[in-house]
Amino acid sequence: MRKKKQILYNNVKIIKELEEKNSKLIQDYEKLNHQNKEEEYKKQNYESTTLSLSINFNLFRSSYKLINTFNGHNDIVYSIDYSTFDDCQFICSGSYDKTIRVWDINKNKQIQLFNKHLIDVYCVKFSSYHYYNNHCNVICSSSSDRTIRFWDFKHNKQLQVFNEHTNWVYGIEFSSFNGGRYLCSGSGDKTIRLWDIQTYKSLYIFNGHTKSIRCVDISSLQSNNNKNKMNDIGVIGGNGYTICSGSSDHTIRIWDIETTKQLIVFKGHKYDVNSVKYGSNELRHTNNVHVVEYLPFTIKIDDEVIGGNSNVICSGSSDNTIRFWDIRSNKKELYMIKGDENDNGITCLTFVSLKKKVKNNEQRSKDNYGIYLYYGSKKGPIRVWG
């Protein structure tokens, strides 16, 4: 009997060890699968935004013109975003008319409309996390109705609503790390929140601004002080990632994601800070500046490379112009695009690298991609320059 009990005990022990090994293998597989999805996302993102990395800016100035207009919104377009799902290219837009619209770039038409926000829609972003983890085509939107909402535009339904902010929600931004798992939001309630998209929960609240938060951005790189610390999938981006926020209190603030502590306060603006990116420069417009973006490609002027992700900025303003700036030369304006006379101001913009149609016997290369500028205006139309 004792021998049978010993054999049974040994069998139970072996089974437990096998279960533990199997559990660890599953965890390792899921971690590797997540890393592979993240690498695939980075690869596709690279192909869609950086294959056309070098253009002659003199040619850009002389040849770029208005080539298309997307009509549908009947009021201010606050936000535009771009993404590729299942080899199809889309832009989405959010407007003061309370709607979110999805446009198929290849078919040149609107394919979806969401109108469940109660007040104006301030910001829209495509979610890479939903696509690569759940194979869903999802948009996230923020609104004056104090909510953040998730929409499946492939199946035309609302997925989730975040309603923990106590005032309007202006800027939202997905993390570039962990496959876009985390979402940052800035609100009129003077707080910044960090959300986990996997669990749909609010993780952290950042307090410090004395007035409404107009815009947020999440760093794509870790700070040098923390780069040697552990960076695990289970940790929020690892250590060293930061959030940047702009506010009606006229300040820009930098926050450490892991500690939720405020690191830096930039003071100098005299009015609301409407748009922030990692990097800054004084831009000269004659009215409000609503949006700034780094150019996603290298440019050449007189055969000299002066561009790249860190040297050239594009800005849109209520003065109805889009201006390009070389930040190395401090205030040097490279070029200006005048909006349509009916636009009444530029409110948002984004650059898109689109595939050109190639014949079957032609080889695909960098030259098969073109850079296009999409911008929204106060009157509703979305216009395309290329």
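A quick note: this is a predicted structure, and the numbers were derived from the prediction, not measured. (Residues numbered from 1 in each chain as written. Predicted model: local features only at pLDDT ≥ 70, side-chain atom pairs only at ≥ 80, totals over all residues. Heavy atoms only, no water.)

> How should I be thinking about the sheet that holds strand β16 (residues 242–247) in this particular structure?
Within a beta sheet, neighbouring strands are joined by backbone hydrogen bonds and run either parallel or antiparallel to one another. Read across the open sheet, the four strands follow the order β15-β16-β17-β18; overall the sheet is antiparallel. Of all the strands in the sheet, the pair left with one neighbour each is β15 (213–218) and β18 (262–267). Here the average twist between neighbouring strands, direction ignored, is 20°. Summarising the sheet, β15 and β16 pair through five bridges and their orientation is antiparallel. (Pairing = 2+ DSSP bridges. Helix = DSSP H or I, 4+ residues; strand = E, 2+ residues; numbered from the N terminus. Axes fitted to C-alpha atoms, helices over the stretch in contact; angles between N-to-C directions.)

> What's the story with the packing of aromatic side chains in this structure? I'm lost.
How two aromatic rings sit relative to each other is set out by the distance from centre to centre and by the angle between their planes. By the definition in use, this model includes 25 aromatic pairs. With a centroid separation of 4.8 Å and an interplanar angle of 35°, the aromatic rings of F85 and Y131 are classed as tilted. Taken as a pair, F85 in strand β3 (residues 77–85) and Y131 in helix α3 (residues 128–134) lie far apart in primary sequence, 46 residues in all. Under the relative-accessibility criterion, Y131 is labelled buried at 9%. Aromatic pair F206 and W255: ring centres 5.9 Å apart, planes at 70°, arrangement edge-to-face. Residue F206 is located in strand β14 (residues 201–207), and its partner W255 is located in strand β17 (residues 251–256); the two are separated by 49 residues in the primary sequence. An identical accessibility class is assigned to F206 and W255; each is buried. (Phe/Tyr/Trp six-rings, centres within 6.5 Å; stacked < 30°, edge-to-face > 60°. Buried < 20%, exposed > 50% of the residue type's maximum accessible area, 1.4 Å probe, protein only.)

> Looking at this structure, I do not really get the nonpolar core. What am I missing?
Across soluble globular proteins, nonpolar side chains have a tendency to be buried as a group. Within the largest apolar cluster, 18 residues are counted, with the highest numbers of intra-cluster contacts made by C314, I322, F324, I337, L349, F351 and L373. Secondary-structure elements contributing two or more residues to this core are β22 (312–317), β23 (321–326), β24 (332–338), β25 (346–355) and β26 (369–377). (Core = buried A, V, L, I, M, F, W, Y, C linked by side-chain atoms within 4.5 Å.)

> Looking at this structure, I do not really get the pattern of salt bridges. What am I missing?
Between side chains of opposite charge, a pair can form as their charged atoms come close. Counted under the stated rule, the structure contains 10 salt bridges. Its salt-bridge partner being D196, residue R181 comes within 2.8 Å of it at the nearest N-O pair. Residue R181 is located in the loop between β11 (169–174) and β12 (182–187), and its partner D196 is located in strand β13 (residues 191–196); the two are separated by 15 residues in the primary sequence. The two residues R181 and D196 agree in class, both being buried. Among the salt bridges present, the one from R323 reaches D319, with a minimum N-O distance of 3.7 Å. Residues joined by salt bridges that share partners form a network here, namely D340, D343 and R383. (Salt bridge = Lys/Arg side-chain N within 4 Å of Asp/Glu carboxyl O.)

> I would appreciate a short explanation of the environment of N74 in the present structure.
Structurally, N74 is set in the loop between β2 (66–70) and β3. In this structure N74 touches D97 and K379, once residues within four positions along its chain are discounted. (Contact = heavy atoms within 4.5 Å.)

> How do you make sense of the sheet that holds strand β6 (residues 109–114) when you look at a structure like this?
Pairing is antiparallel in the open sheet, where four strands are placed in the order β3-β4-β5-β6. Both outer strands of the open sheet, β3 and β6, are each paired with one neighbouring strand and no more. Averaged over all neighbouring strand pairs, the angle between strand axes comes to 20°, with direction disregarded. Where β3 and strand β4 (residues 88–95) come together, eight bridges link them in antiparallel fashion. The residue of β4 that forms the bridge with S83 is F90.

> Which parts of the structure should I look at to understand the side chain of N320?
Along the chain, N320 turns up in the loop between β22 and β23. For N320, a relative accessible area of 8% puts it in the buried group. Within the local environment of N320, its side chain forms a polar contact with the backbone nitrogen of G345, the two atoms lying 2.9 Å apart. (Polar contact = N/O pair within 3.5 Å; in protein donor to acceptor, adjacent residues only side chain to side chain.)

> What am I meant to see in a nonpolar patch on the surface here?
Judged by side-chain polarity, L263, I264 and F266 come together as a nonpolar surface patch covering roughly 270 Å² of accessible area. By the element assignment, F266 lies in strand β18. (Patch = residues over 30% accessible without salt bridge, like charges linked within 9 Å, V, L, I, M, F, W, Y side chains within 5 Å. Areas by Shrake-Rupley, 256 points an atom, 1.4 Å probe, with all protein chains shown as cover.)

> What's the story with the side chain of D120 in this structure? I'm lost.
Tracing the backbone shows D120 in the loop between β6 and β7 (121–126). Only 3.4 Å separates the side chain of D120 from the side chain of Y122, close enough to count as a polar contact. Here the side chain of D120 touches S144 through a polar contact of 2.9 Å, side chain to side chain. Sequence-distant contacts of D120, defined by excluding residues within four places in its chain, comprise Y78, S95, Y96, K98, S142, S143 and S144.

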